[in-house]
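Below are the chains, spelled out letter by letter.
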Amino acid sequence: MQSSLSQRQVLDIVSAIGYRILRFGGEANRAEDTVTRIGRAYGMNEVHVFAIATSILITVEKDGESMTQTRRISKVSTDLDKLDKINSLSRKICSTETDFDTIMNHIREIDQSPKYPSSLGIWAYALIGGSFSVFFGGGVCEFMVGFIVGALIRFVKKGAEFLQSPPFVTNAAGAAATVSLIKICTFFFPSLNISATTIGVLMILVPGVLLTNCIRDFVATDYTAGTAKIMETFLVAAAIALGVGVSVFWR
Amino acid sequence: MASMIIAVLSAFFATFGFAILYNVRGKNLFIASLCGAFGWICYLVCDAFADSTMLPYFVAGASIALYSEIAAYAFHSPATLFLTPGFIPLVPGGAVYRAMEACLQGDISGFAEGMVNTLKIGGSIVLGIILMSSFFRLIRSGIKTIKTRK
């Protein structure tokens, strides 16, 4: 396909899209695949791209000239809705040729598309805590405690993030707060099923996106990206275990 | 039976909560939540028939991967959109917790047993997902190859 876009513009577009896929919680392989497709569709002879969870490196080659851009993803902010939109945008611009300004405007629009309000996050945490407490064998009482403690964990996590604490400390603090708060709740509900409630609330801290992307990276033979994510999940698990360890003091 | 229905319902709502945290919107929110419930239904059905701890988790992992790949194909969305929230109810949180509890009580053999159990469950789920996702990759690349050869 003969394209009206210059090499430089194509590189800008693919970097912007690849960067966003990784930032919104997409797999490394999805970023590589999308960038290659768009580059080819816009007349590049060769597209070389290497992505891991924290960085993406793109080289586009046309008529013997090559250009490279790298982007660093310093903080992943999972947003699967924006990932979905970026995905459909890249499908669209692959099938029908679009000019540079329109594509950049679309990307800007996606950046500003709505997110659920922060207050809904509290309800989501509460719902997860309550539902999982029931899931692991609790009753009405466990649901209520899980609901309340789940909502409180949201404040602990937000507070830790506000202080820019490292993820390890955030998770350990979340787990420690869970165990302690449930211990306090046993004074009001002596017959509380402690293990069901604790497991239920701790499920909030499970790094779901990391786990799924790690598996999918391995499927796509992106072993470098996958291994890095496995290490991160083990570290999160260790942090939660450490946090649960404070329950020693409550015995 | 009633406890099974409650478990499936709570899996649905827990997945719903996670889907909100990941900012899944519109009809995808419902489809993603259903993925979690579907995975647990498959687990329960298989658990009722099979005399094994690992097989039900394997089947559940494979079924949520199948569900999300089909949904991804039908709605032109990335499969991660459905797989990520749907995966959460299968995470062996209970096994890890019991292992940790044994460790805190100084019961090292209980801890080792719990960790092996966790790895068994986690490995089965992951293998199920890997099998199904790889199969779909094969189909997709196969179709592409046949199309370009024509």
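Residues numbered from 1 in each chain as written. Chains lettered and ligands numbered in written order. Predicted model: local features only at pLDDT ≥ 70, side-chain atom pairs only at ≥ 80, totals over all residues. Heavy atoms only, no water.

(A) Seen up close, the environment of Glu97(A). Take Glu97(A): it is sitting in the loop between α3 (80-95) and α4 (100-111). It is 9.6 Å that separates the C-alpha atoms of Glu97(A) and Leu5(A), two residues lying 92 residues apart in sequence. (Helix = DSSP H or I, 4+ residues; strand = E, 2+ residues; numbered from the N terminus.)

(B) Main features of helix α5 (residues 93-104) of chain B. Given a rise of 1.5 Å per residue, twelve residues ought to cover 16 Å, and the 16 Å separating the end C-alpha atoms of α5(B) matches this to within 8%. Tucked inside the fold, the buried residues of α5(B) contact α8 (194-202) and α10 (223-244) of chain A together with α6 (108-149) of chain B. After α5(B) finishes, the residue Gly106(B) shows a positive phi value of roughly 80°. (Expected span 1.5 Å × (residues − 1). Contact = heavy atoms within 4.5 Å.)

(C) Highlighting the pairing of strand β1 (residues 46-52) of chain A. Residues and elements named next belong to chain A. Here β1 shows one buried face, formed by Val-47, Val-49 and Ala-51, and one open face, formed by Glu-46, His-48, Phe-50 and Ile-52. One ladder, built from seven bridges, connects β1 with strand β2 (residues 55-62); its direction is antiparallel. Considered in β2, the bridge of His-48 is made with Thr-59. Between β1 and β2, which pair antiparallel one after the other, the connecting turn spans two residues. (Buried < 20%, exposed > 50% of the residue type's maximum accessible area, 1.4 Å probe, protein only. Pairing = 2+ DSSP bridges.)

(D) Broad picture of the interface of chain B and chain A. Listed by partner, the interface residues are 46 residues for chain B and 49 residues for chain A. Carbon and sulfur atoms supply 71% of the area buried between chain B and chain A, which totals about 4,100 Å² over both sides. On the chain B side of the contact with chain A, Asn23(B), Arg25(B) and Tyr97(B) bury the most area, a combined 16% of that side's loss. Summed over the shared surface of chain B and chain A, the number is one salt bridge. Here Arg216(A) makes a salt bridge to Glu69(B), at a shortest N to O gap of 3.3 Å. Connecting chain B to chain A are ten residue pairs in polar contact (both at pLDDT 80 or more). (Buried area = accessible area lost by both parts, 1.4 Å probe. Salt bridge = Lys/Arg side-chain N within 4 Å of Asp/Glu carboxyl O. Polar contact = N/O pair within 3.5 Å; in protein donor to acceptor, adjacent residues only side chain to side chain.)

(E) View of the nonpolar core. Among the nonpolar cores identified, the biggest contains 92 residues, and Ile56(A) and Trp40(B) are the most heavily contacted of them. Ranked by the residues each element gives to this core, the list is headed by helix α1 (residues 7-23) of chain A, at nine residues. Built from parts of two domains, this core gets at least three residues from each of domain 1 (7-111) and domain 2 (118-250) of chain A. Each residue touching Ile56(A), except ones within four places of it in the same chain, is listed here: Gly18(A), Tyr19(A), Leu22(A), Ala31(A), Val35(A), Val49(A), Phe50(A), Ala51(A), Gln69(A), Thr70(A), Arg71(A) and Ile73(A). (Core = buried A, V, L, I, M, F, W, Y, C linked by side-chain atoms within 4.5 Å. Domains from an automatic or database assignment.)

(F) Representation of the layout of surface pockets in the model. Size it by volume and the second largest pocket reaches roughly 1,300 Å³. Lining the second largest pocket are 30 residues, with Arg30(A), Asp33(A), Arg37(A), Arg91(A) and Arg140(B) positioned closest to its centre. At the level of elements, α2 (28-41), α3 and α9 (208-219) of chain A together with α3 (54-75) and α6 of chain B are the ones that each hand at least two residues to the lining of the second largest pocket. Sorting elements by how many residues they give to the lining of the second largest pocket places α6(B) first, with ten residues. (1 Å grid on protein atoms, 1.4 Å probe; cavity = no way out; pocket = protein on both sides within 12 Å on 5 of 7 lines; lining within 4 Å. Points joined across faces, edges and corners; volume = space filled by probe spheres on them.)

(G) Region of the structure containing the domain arrangement of chain A. Residue and element names in this part refer to chain A. The domain architecture assigned to chain A consists of domain 1 (7-111) and domain 2 (118-250). Relative to domain 2, the C-alpha centre of domain 1 lies at a distance of 33 Å. In this assembly, eleven residues from domain 1 lie in contact with nine residues from domain 2. At the boundary of domain 1 with domain 2, total buried surface from both sides reaches about 750 Å², with 55% on carbon and sulfur atoms. Together, Glu-27, Asn-29 and Ala-53 form the three largest contributors to the area buried by domain 1 at its contact with domain 2, with a combined 46%.

(H) Region of interest: α1(A). Here α1(A) spans 24 Å end to end across 17 residues, near enough to the 24 Å set by a 1.5 Å rise per residue. Burial analysis of α1(A) places 14 of its 17 residues in the buried class, which makes it a mostly covered element.

(I) Structural view of the sheet that holds strand β3 (residues 65-72) of chain A. All names here are of chain A. One open sheet accounts for three strands, arranged β1-β2-β3; its pairing is antiparallel. Sheet topology places β1 and β3 at the edges, where each strand pairs with a single neighbour. For this sheet the average axis-to-axis angle between neighbouring strands, irrespective of direction, equals 10°. Against the sheet, α1 contacts β1, β2 and β3, and its axis sits at roughly 25° relative to β3. (Axes fitted to C-alpha atoms, helices over the stretch in contact; angles between N-to-C directions.)

(J) Spatial organisation of the packing of aromatic side chains. Considering all chains together, one arrives at 14 aromatic pairs over all chains under this definition. Relative to Phe30(B), the ring of Phe12(B) lies with its centre 6.1 Å away and its plane at 65°, an arrangement referred to as edge-to-face. Of this pair, Phe12(B) sits in helix α1 (residues 2-21) while Phe30(B) sits in helix α2 (residues 27-49), and the two are 18 residues apart along the sequence. Residue class for Phe12(B) comes out buried when judged on its relative accessible area of 15%. Ring-pair connections join several aromatic residues into one group, and the members of that group are Phe132(A), Phe135(A), Phe136(A), Trp40(B), Tyr43(B) and Tyr57(B). (Phe/Tyr/Trp six-rings, centres within 6.5 Å; stacked < 30°, edge-to-face > 60°.)

(K) Structural detail: unusual backbone geometry. Residue and element names in this part refer to chain A. Despite not being glycine, Gln-164 has its phi angle at roughly 55°, a positive value. Take Gln-164: it is sitting in the loop between α6 (140-162) and α7 (167-188). Phi is positive for Thr-221, close to 55°, though the residue is something other than glycine. Positionally, Thr-221 belongs in the loop between α9 and α10.

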